[in-house]
Amino acid sequence: MLGTPSFWTLVLVVSFGTAQQVTLGPEAYTAAGEFPTSLFSSYWNEPTQTASQVQPVITDSILNKTFPLNLTDPETIVNNDTSDPLFYPKGHSNLTQASAEQFYQNVTAQIQGIIAGGEGSNCTKCMDALTAASRLAKEHPKLVPQLLLSLCKEYKFASGNGCQVYSEHAQGPFYAQVLAYADVGGSDGQYLCQNFIKVSKCPRPALPKFDASEFWTKPKPSNVTIPVPKGTNRVKVLHMSDFHIDPRYATGSEANCTSNLCCRKGNPAASLHSNYTPSVPAPRFGYFQCDTPWALGAAAVEAIPVLTGTNRDDILNMTIFTGDMVSHDPYYQLSRGYILYTETALYDLWKRTLNPSSPLFAAIGNHDQYQQAFDSPDTLTGVLKKQFSWNYDHLSNLWKNNDWIDGQAARQAKAHYGGYSVQHASNLKVITINTDLWYRSNIFAFINTTRSDNFGFLKFLAEELQEAEDNHSRAYIVGHVLSGWDGTNPVIGPTDAFYQIVDRYSHVIAGIFWGHTHEDQNMIYYAHNATDISAETAQNVGWIGPSITPLTDLNSGFRLYEVDAETWDILDAHTWYSNVTTYGDLDSQLAVGPSYQYEYSTREAYGGQIDWPKNAPLNATWWHLVTERMSGDGGALVNLYNAHQGKMSTRSPNCTSTDCIEAKVCYIRSGSAPLALDRCQPGFGSVQ
């Protein structure tokens, strides 16, 4: 990435003449009305019918098995899978069953007494209650789900059937692990209470002290020669994110439901009875409260090559996928088989339609795991050390079999929670990392919170960046859960460490790519932990990719980057979207399907008033100048950015107040969770 100290040199050496641009396709593309049956070799049902979604037959070449229809059939969704193994921490007590039950009753009574007691703050009570529960987890861990279910119901921590999340066939065993291994009387317990038990009103724990010696031993070079893009040789890089295919999508079901994922059988609106007529029948191609049906997924993979112009000789250089293939199923409808089915189906589809001759580099999303969002550190003992390795093994083998990564990268992925590095070109290394490891919904992220990198994945990142620096290579970083924006998604310690790593290797990093929010967003990373926010200190940019799924209240979209083939800097970014409000009108005919249309060029949309060379990259300096314009034009540019954030959705709220405008600028300038939480006004991060 071009560092700002060399920017004014850049202005002198880069031509202000007409920039060479890549050739794109037409302004819009309308998909077929009928499902393109060639996408899969066979189907469980008739693929040309329109009364229900297609059910492709998916065979996993890694596992040598064909997934059964009842895994995805909307009529036969299984609740509470009991076949997949779930593990408990090893207990230490040899008490009889009767004695264990008495131990359980004592712990329950102690927690009830703590909560009912008149002394101490709610935060102290919460941490004391966790300490009592931790005793049970260490002695009789298999009784923890029973305890959590009982307490949840008694104190109404969840509504409806929400307490079942703690059951023995759901997430109860994982909570037992965290209670057994976390320091619940210290920072871990405070953070658990602050994050999960809002009534505790626990303050956010102090930021862990960052120790650079844990991540690198060589100082940042003082005489770095930063490459200058010429812009005369450009390649295409596709950024696709949050596909969230829903093979259980039920055409005609309630699309405006009030429980769980909509467009599913049996999820009515609250005002309607069980034998209802849907208030909004789920359109064949999708809806705002629903994940991606196969009909919309097919339209997207049809449209992308045509619109990006990569269906001709001008092929993709690579695809970056920033995670989340799997639908937003409630925990009790998930299973390993469902995850494996989705991974196999989508990677096979993308290989044949988008990347027949170019690689796809993917990060794991928080929905691409079972249980959802959970990944444990390999510092745990026994079987717990590798309890999620089945997924890393499967993904790495799929990537390798598609010729996207080699054997060495596959071995890395198995050892680093699905993260790996590939030397894509002689001067570009692509590094993917599993940032579910710092996600606030990952309960294992709350073990050893006084450490910046309890999982070790950031050490892996720093080592790969050091190797790139030693070899005079640039690097792309690919992850799912973003490091900053409004600070609501990640925990603070690891994202602070990530920010320092980016600072150290800013001259190596040519691009950082995220997903997760489903929205079109950006972040700027500054030198010295953003103690001075200016054009001179802006160093790197994070690009948050728009989602294919319309969930929630968004349009469907994707992005293509124009990249300098010598420096790998981003020279422009093009985004397309599909208007979800039109989908309902497509059900009564077969002539056409959804249309994807060109939304905007990043350079043209935000750079019109910035004096910037036409062949210069959209680097951190450029983005900082954009935020300066946003702060000084009365809100016009922020409102344009806000519209793009939701991919032109008619449901996106406006951002016209002074508070909203200032918050958006602050979010763009916040590359880590602590920066956003400490500096930015909350409440304006999402347009959903």
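What counts, and where the lines are drawn
Residues numbered from 1 in each chain as written. Predicted model: local features only at pLDDT ≥ 70, side-chain atom pairs only at ≥ 80, totals over all residues. Heavy atoms only, no water. Domains from an automatic or database assignment. Contact = heavy atoms within 4.5 Å. Buried area = accessible area lost by both parts, 1.4 Å probe. Salt bridge = Lys/Arg side-chain N within 4 Å of Asp/Glu carboxyl O. Phe/Tyr/Trp six-rings, centres within 6.5 Å; stacked < 30°, edge-to-face > 60°. Lys NZ or Arg CZ within 6 Å of the ring centre and 35° of its normal. Core = buried A, V, L, I, M, F, W, Y, C linked by side-chain atoms within 4.5 Å. Buried < 20%, exposed > 50% of the residue type's maximum accessible area, 1.4 Å probe, protein only. Helix = DSSP H or I, 4+ residues; strand = E, 2+ residues; numbered from the N terminus. Disulfide = S-S within 2.5 Å. Pairing = 2+ DSSP bridges. Axes fitted to C-alpha atoms, helices over the stretch in contact; angles between N-to-C directions. Right-handed = clockwise from strand over helix to strand, strands pointing away.

Visitor: Describe the domain arrangement of the protein, listing the residues and the values that go with them.
Guide: You can read the domains of the protein as domain 1 (97–168 + 170–200) and domain 2 (214–679). Averaged C-alpha coordinates put domain 1 and domain 2 at centres separated by 34 Å. Domain 1 puts 19 residues into the contact, and the matching count from domain 2 is 18 residues. Summing both partners gives a buried area of about 1800 Å² for domain 1 against domain 2, and 63% of it is carried by carbon and sulfur. When residues of domain 1 are sorted by the area they lose upon contact with domain 2, Phe174, Tyr181 and Tyr191 head the list and together hold 35% of the total. Taken together, domain 1 and domain 2 are joined by zero salt bridges.

Visitor: Please set out the packing of aromatic side chains residue by residue, giving values where relevant.
Guide: For the structure on display, the rule yields 46 aromatic pairs. Aromatic ring contacts, followed pair by pair, group Tyr476, Trp485, Phe513, Trp543, Tyr561, Tyr600, Tyr606, Trp622, Trp623, Tyr641 and Tyr667 into a single cluster. For the cation-ring pair, Arg248 lies above Tyr338, with the distance from its terminal atom to the ring centre recorded as 3.9 Å.

Visitor: Please set out the nonpolar core residue by residue, giving values where relevant.
Guide: By size, the foremost hydrophobic cluster in this structure holds 210 residues, and its most contacted members are Tyr347, Trp350 and Phe498. Here the element with the most residues in this core is helix 7 (residues 294–308); it accounts for ten residues. No fewer than three residues from each of domain 1 (97–168 + 170–200) and domain 2 (214–679) sit in this core. Look past the residues within four positions of Tyr347 in its chain and what remains in contact with it is Phe321, Met325, Leu360, Ala362, Leu395, Leu398, Trp399, Asn402 and Trp404.

Visitor: Residue-level account of the state of the cysteines, with values.
Guide: Within this structure, the stated rule accounts for seven disulfides. The disulfide partner of Cys126 is Cys193, and the gap between their sulfur atoms is 2.0 Å. The sign of the S-S torsion, about -95°, decides the handedness of the disulfide formed by Cys126 and Cys193: left-handed. Here the residue Cys126 occupies a position in helix 3 (residues 122–139), and Cys193 occupies one in helix 6 (residues 187–196), the gap between them amounting to 67 residues. Here Cys126 falls in the buried class, since its relative accessible area comes to 11%. Cys152 shares a disulfide with Cys163; S-S distance 2.1 Å. Sign of the S-S torsion, about -80° for the bond between Cys152 and Cys163, identifies this disulfide as left-handed. Here Cys152 is found in helix 4 (residues 144–155), whereas its partner Cys163 is found in the loop between helix 4 and helix 5 (172–181), with eleven residues between them in sequence.

Visitor: Describe the sheet that holds strand 4 (residues 234–240), naming the residues involved and giving the relevant values.
Guide: Here we have seven strands laid out as an open sheet, ordered 1-15-14-13-4-5-6, and mixed in their pairing. In the strand order of this sheet, the two ends are held by strand 1 (28–32) and strand 6 (360–362), each with one partner. This sheet shows a mean twist of 25° between the axes of neighbouring strands, independent of strand direction. Bridge count between strand 4 and strand 13 (residues 556–564): six bridges; the pairing is antiparallel.

Visitor: Account for the pairing of strand 10 (residues 509–514), with residues named and values stated.
Guide: Here is the key point about a regular strand: its side chains alternate between the two faces of the sheet. Among the six residues of strand 10, six are classified as buried, and the element is accordingly described as predominantly covered. Sheet topology note: the strand 9 (residues 474–478)/strand 10 ladder contains four bridges and is parallel. If you follow Tyr476 over to strand 10, its bridge partner there is Gly511. The handedness of the strand 9 to strand 10 crossover, carried by helix 12 (residues 492–504), is right-handed.

Visitor: Now, about the pairing of strand 4: what can you tell me, with residues and values included?
Guide: Burial analysis of strand 4 places seven of its seven residues in the buried class, the great majority of the element. Side chains of strand 4 alternate between two faces, with Arg234, Lys236, Leu238 and Met240 and Val235, Val237 and His239 buried alike. As paired strands, strand 4 and strand 5 (residues 318–321) are joined by four bridges and run parallel to one another. By the bridge assignment, Leu238 is partnered in strand 5 with Thr319.

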